[in-house]
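# Secondary and tertiary structure notes
Given next are the chains, with one letter for each unit.
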Amino acid sequence: MALDDRFHNRDFKVVGNRVTRPDGIDKVTGRARFGADMTAPGMLIAKVLRSPHAHARINGIDTSKAEALPGVKAVVTYADFASAHAPDDDNLVNCMAKDKALYDGHAVAAVAAISTAVARKALKLIEVDYEVLPHVTDVDEAMKPDAPVLHEDAQDESVPAGTPKNVVRRYEFGHGDVDAGFAQADKVIERSFRTEAAHQGYIEPHACLASYGSDGRADLWCCTQGQYAVRAMCAGMLGMQASDLRVTASEIGGGFGGKTTVFIEPVALALSRKAGKPVKLVMERSEVFRASGPTASTSIDCKIGMTKDGRITAGRAELRYQGGAFPGSPVEFGAMSGFAPYDLENVQAIGWDVVTNRPKQAAYRAPGAPMAAYAVESVIDELCQELGLDPLEVRIRNCAHEGTLSPYGVTYPKIGLEETLKAVQSHPNWTAPLGPNQGRGVACGFWFNFGGNTCVSLNIDEDGTVSLSTGNPDIGGSRASMSQMCAEELGIPYDRVRCSIADTSLLGYNDVTDGSRVTFAVGLATIKAAQDAIKKMCGRAAAIWGIPEDAVEWEDGCAKPAGPNAGEHPPMSLAEIAAVSSQTGGPIAGHYECNADGAGVSFATHLVDVEIDPETGFTKVLRYLVAQDAGKAVNPDYVEGQFQGGAVQGIGWSLNEEYIYGEDGRLQNAGFLDYRIPVASDLPMIDTVIVEVPNPGHPYGVRGVGETSIVPPLAAISNAVSHAIGKRMTQIPMSPPRIVEALEG
Amino acid sequence: MVRVKIWGSLRTATGGAEEVEVEARTIRDMLNALAEAHPGLAPQIDRGVSVSVDGAIYRDSWLTPVEGAKEVVLLPRLAGG
């Protein structure tokens, strides 16, 4: 049976339905086990000592008093990893400081003890000899020649000689001649923007339980977006064989990219190895803010030219992203994506990756893209305003299509941006009347999506049900959507399939749940694993009927004879074949592994109405609409949830969320009281329109949907606020004090 | 021969050329040939790249054919959240 990746139109029976979520009962009854719910006999409690300084040389660490405290079973520092790790591993140095503390909250030591109280007491007995160094937390300040230098040797070959050392990478994308394009414009606007760092804001703090046995084999339970990546990173840092470390992902209380790496897991393993007992380590909320990745903060200059009839003649952006104390801000994705919704003859984007004394940034939903879209979409909006043009019509006029050369050099295959713009244009929100102090904003957004390493197995159970095993934590409803695709392909009801998340010993390497990849890539592998099982079931039926395998076809969940020489045989259902499997050759299973490709890029258009209180600067979101291309919505409830979730995170980032550093380089607002994320009472219902332009690279037409929805909100809300107050806002978040300042300025 | 588009900041390694030609059947051949013909590209290739072949983006697919492709683009290694 040929396995065909390409999209073919079909009538779906299970895919597209709003099915009951398999984790629903567990989550509403408290039965679901999250990272901090794991326990083990004899378990110790771990705590981490963190630097109070933004930048300090560590001249020595004396742990003797802590180790002597009754109840303390192990203390670890960087030296406990040093014999095993790969040199200059930024992830390890981020988990445990080496010779310098690089940011407020950087881990310098950890303790495992018989109780939380003993562990906390032990932390106070650890003596760290710090030599406090000058620090820098602002991206523009960090790029100056006289800025404190974090690393002497982190700059790569892309950075021109003589550039200050905190500038570590340079990227450039684009095509055409932007100066010639600006010369063709009737109006050119150039603005500078700033966005502050936002945390992913997951409700569940990082948590893990490590159990390292005396045989050198270990188990690790943790909340993560990718148990295989955790295994790879931890095994490397601890000098273990991959097969000696089994990682099991717990239920996850949000990740949004922030749980695609490790922070505490190798520390818990090192403590367990040293203590010879299981060790549980759970971050406190303040630790989550101080020492797990927020996204980058940015400073962006953007210049766009437009003719008086709304044609964009050129666009140029220079983007500066600080990604904390290590190289790796997502500036290249910002530079690639900001202009991606548009069909431009002349475009240039230059990105600078900068290090500062802040926590190492971690991916956050479409990493790097929202900030770039904010700058580009704000300038387009201002051009429309200045030229008296309809901002939707201008976007429709300039939008990318199949065949458009993207700013990052790839010619688009079939995409659905124009459809999202037209969906917004025909939605009642577009023509809803606005009152005093109210404004409307629109913006587009883009994200790449990708596929990646994927391995799936399914077992045909003896009663005709199906046990499906996948290797990606269910962060956005994947157990439901995988079960739907499995049921669809096998031709059985959804409730006959149970999808479980395998630990690392059970399946081949699965890439992290990121890049909006799971519904696309794991779905693809699930469909093919089902096809593999179907082939075997057709073989069993053929053997029973005494006809060739190729004289049997699979239809509506049954093997049927097909072709002129197949003879007359009643169809055999999946359940009937399963029931006699032990008499016909043994258990039946399907399997598939691949490095999936063909993930279609994704576009969205957002529309928002806001009302400003001119006295307080408070912004109320009145209406919010997301229109996004999902290719094919496998489970519309979850797709809408992804649209809404991304929009809400974007609303929070736009209006309130920011990392605030004091003059001392310390984070001032490491808690949800002072770092304000939106709650349900802050929000209207987020309206959604699912656009379905099938991805030609997936048999069901699926595109990833998890990330694009956070790309347009910053710009859409800024445009709405700017219209409401009559002044162009250029900094995110637009917190009440900033709006009052703008109104008074 | 395969024509490969090079992103802007890497063009210092190709003498300013936006596209270069190398002899290659697969992505692996292509990356090896690029690094050999333009040694300045090697550090970035070693750190990790993605490759778009006729609009489909690959991260680690050494064996994907590039021979006969209409468009091959070297990209930074993609990551997501």
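Residues numbered from 1 in each chain as written. Chains lettered and ligands numbered in written order. Predicted model: local features only at pLDDT ≥ 70, side-chain atom pairs only at ≥ 80, totals over all residues.

Helices and strands together make up the secondary structure of chain B, namely two helices and five strands. Written out in order from the N terminus, the α and β elements of chain B read β-β-α-α-β-β-β. Scaling as 2.2 N^0.38, a compact globule of 81 residues should have a C-alpha radius of gyration of about 12 Å, and chain B matches this with 11 Å. Taken along its principal axes, the extent of the C-alpha atoms in chain B is 35 × 30 × 20 Å. Burial statistics for chain B: of 81 residues in total, 47% are counted as buried. Partitioning the contacts of chain B with sequence separation of at least 6, the portion at a separation of at least 24 is 47%. (Helix = DSSP H or I, 4+ residues; strand = E, 2+ residues; numbered from the N terminus. Rg over C-alpha atoms; globule rule 2.2 N^0.38 Å. Buried ≥ 20, exposed ≤ 12 C-beta atoms within 10 Å, placed from the backbone. Contact = placed C-beta atoms within 7 Å.)

The helix and strand tally for chain A stands at 20 helices and 27 strands. Against the globule reference of 27 Å for 745 residues, chain A gives a C-alpha radius of gyration of 27 Å, in line with a compact fold. Scored against the burial criterion, the 745 residues of chain A give a buried share of 59%. At a minimum sequence separation of 6, the contacts of chain A that also span at least 24 residues come to 80%.

A few words on the sheet that holds strand β16 (residues 438–447) of chain A. Within a sheet, adjacent strands bond to each other through the backbone by hydrogen bonds, running parallel or antiparallel. All names here are of chain A. The strand order across the open sheet formed by four strands is β16-β24-β25-β26, and the pairing between neighbours is mixed. Of all the strands in the sheet, just β16 and β26 (686–691) have a single pairing partner and so form its edges. Put simply, the sheet's adjacent strands are angled 15° from each other on average, direction ignored. Across the sheet, helix α19 (residues 713–725) is in contact with β16, β24 (602–612) and β25 (619–629); its angle to β16 comes to roughly 160°. (Pairing = 2+ DSSP bridges. Axes fitted to C-alpha atoms, helices over the stretch in contact; angles between N-to-C directions.)

Further remarks concern the environment of Gly-226 of chain A. Residues and elements named next belong to chain A. Its location among the elements puts Gly-226 in the loop between β10 (218–222) and α8 (227–238). Judged by C-beta crowding, with 26 C-beta atoms within 10 Å, Gly-226 ranks as buried. In this structure the C-alpha to C-alpha distance between Gly-226 and Val-247, which are 21 residues apart in sequence, comes to 9.4 Å. Apart from residues no more than four positions distant in its own chain, Gly-226 is found in contact with Thr-260, Asp-511, Val-512 and Thr-513.

Quick look at the interface of chain A and chain B now. Of the residues lining the interface, 36 residues belong to chain A; the matching set on chain B comes to 22 residues. Of all the elements, strand β7 (residues 167–175) of chain A adds the most residues to the side of chain A that touches chain B, at five residues. By residue class, the composition of the side of chain A that touches chain B is 14 nonpolar, twelve polar and ten charged. (Nonpolar A, V, L, I, M, F, W, Y, C, P; charged D, E, K, R; others polar.)

Another aspect to go through is the domain arrangement of chain A. Residues and elements named next belong to chain A. Domain boundaries assigned for chain A yield domain 1 (24–32 + 451–596) and domain 2 (136–412). Between domain 1 and domain 2, the C-alpha centre-to-centre distance is 37 Å. Between domain 1 and domain 2, the contact holds 14 residues from the first and 17 residues from the second. Class assignment of the residues belonging to the side of domain 1 that touches domain 2 gives a composition of six nonpolar, five polar and three charged. (Domains from an automatic or database assignment.)

Residues and elements named next belong to chain A. The biggest cluster of nonpolar side chains holds 271 residues, and the ones touching the most others in it are Ala-46, Leu-220, Val-267 and Leu-271. Counting residues per element, this core draws most heavily on helix α16 (residues 518–545), which supplies 14 residues. Of the domains in this structure, domain 1 (24–32 + 451–596) and domain 2 (136–412) are the two that each give at least three residues to this core. Non-local contacts of Leu-271, meaning those with residues more than four positions away in its chain, are made with Ala-46, Ala-74, Val-76, Ala-110, Ala-112 and Val-279. (Core = buried A, V, L, I, M, F, W, Y, C linked by C-beta atoms within 7 Å.)

Let us look at the environment of Ala-218 of chain A. Checked against the element boundaries, Ala-218 of chain A lands in strand β10. Along the sequence, Ala-218 of chain A and Val-247 of chain A sit 29 residues apart, while their C-alpha atoms lie 8.5 Å from each other.

Here we come to unusual backbone geometry. Put simply, Ile-732 of chain A and Pro-733 of chain A share a cis peptide bond, and its omega is 5°. Topologically, Pro-733 of chain A is positioned in the loop between β27 (731–732) and α20 (736–744). The backbone of Asn-437 of chain A shows a phi angle near 60°, a positive value even though the residue is not glycine. Tracing the backbone shows Asn-437 of chain A in the loop between α14 (417–425) and β16. Residue classification places Asn-437 of chain A among the partly exposed residues on the basis of 14 C-beta atoms within 10 Å. Positive phi, normally seen in glycine, also occurs at Asp-54 of chain B, with a value near 50°. Structurally, Asp-54 of chain B can be placed in the loop between β3 (49–53) and β4 (56–58).

Right, let's get into the packing of α8 of chain A against helix α9 (residues 265–275) of chain A. All names here are of chain A. Orientation of α8 relative to α9, taken along the N-to-C sense of each, is 45°, at an axis distance of 9 Å. Considering their axes alone, α8 and α9 lie oblique with respect to each other. Crossing angle aside, the handedness with which α8 passes α9 is right-handed. Across the interface between the two elements, Val-230, Cys-234, Met-237 and Leu-238 from α8 touch Glu-265, Pro-266, Leu-269 and Ala-270 from α9. In terms of residue class, the contact of α8 with α9 is made up of seven nonpolar, no polar and one charged. (Parallel < 35°, antiparallel > 145°, perpendicular 65-115°, else oblique. Left-handed = near helix turned anticlockwise from the far one by under 90°.)

All names here are of chain A. One open sheet accounts for four strands, arranged β19-β18-β17-β23; its pairing is mixed. Of all the strands in the sheet, the pair left with one neighbour each is β19 (497–501) and β23 (588–596). The mean inter-strand angle of the sheet, taken between neighbouring strand axes irrespective of direction, is 15°. In the sheet, strand β18 (residues 466–470) pairs with β19 via five bridges, with the strands oriented parallel. Across the sheet, the residue bridging to Ser-467 is Arg-498, located in β19. Packed on one face of the sheet, helix α15 (residues 478–490) meets β17 (452–460), β18 and β19 and runs near 130° to β18. Where α16 meets the sheet, its contacts fall on β17, β18 and β23, and the angle it forms with β23 comes to roughly 145°.

All names here are of chain A. In terms of burial, strand β1 (residues 44–50) is largely enclosed, as seven of its seven residues are buried. Residues Leu-44, Ala-46, Val-48 and Arg-50 of β1 are buried on one face, and the alternating residues Ile-45, Lys-47 and Leu-49, pointing to the opposite face, are buried as well. Sheet topology note: the β1/strand β12 (residues 279–282) ladder contains three bridges and is parallel. Note that in β12 the partner of Leu-44 across the bridge is Val-279. Relative to strand β5 (residues 107–113), β1 runs antiparallel, the two sharing six bridges.

Here we take up helix α13 (residues 391–398) of chain A. Residue and element names in this part refer to chain A. Taken together, the buried positions of α13 are Pro-391, Val-394 and Arg-395. What you see down the axis of α13 is that its buried residues fit within an arc of 100°, all on one side. Against the buried residues of α13 lie α12 (369–387), α14 and β16. (Arc of directions from axis to C-beta.)

Residue and element names in this part refer to chain A. Of all the ten residues making up strand β13 (residues 297–306), nine are buried; the element is thus mostly covered by neighbouring parts of the structure. One ladder, built from nine bridges, connects strand β8 (residues 187–195) with β13; its direction is antiparallel. For Glu-190, the partnering residue across the bridge sits in β13 and is Lys-303. Of the pairings in the sheet, the one linking β13 to strand β14 (residues 312–322) comprises ten bridges and is antiparallel in character. What sits directly across from Gly-305, in β14, is Ala-314.

With that settled, consider helix α18 (residues 636–655) of chain A. A rise of 1.5 Å per residue sets the reference length of α18 of chain A, with its 20 residues, at 28 Å; its end C-alpha atoms lie 28 Å apart and thus fit the reference within 8%. Judged by how many residues are buried, α18 of chain A sits mostly within the fold: 15 of 20 residues are covered. (Expected span 1.5 Å × (residues − 1).)

Residues and elements named next belong to chain A. Two elements in contact, α18 and α19, have axes whose closest approach is 8 Å; the angle formed by their N-to-C orientations is 55°. Overall, the two elements α18 and α19 adopt an arrangement that is oblique. By crossing handedness, the relation of α18 to α19 is classed as right-handed. Facing α18, whose interface residues are Ala-647, Gly-650, Ile-651, Trp-653, Ser-654 and Leu-655, α19 presents Pro-713, Leu-714, Ile-717 and Ser-718.

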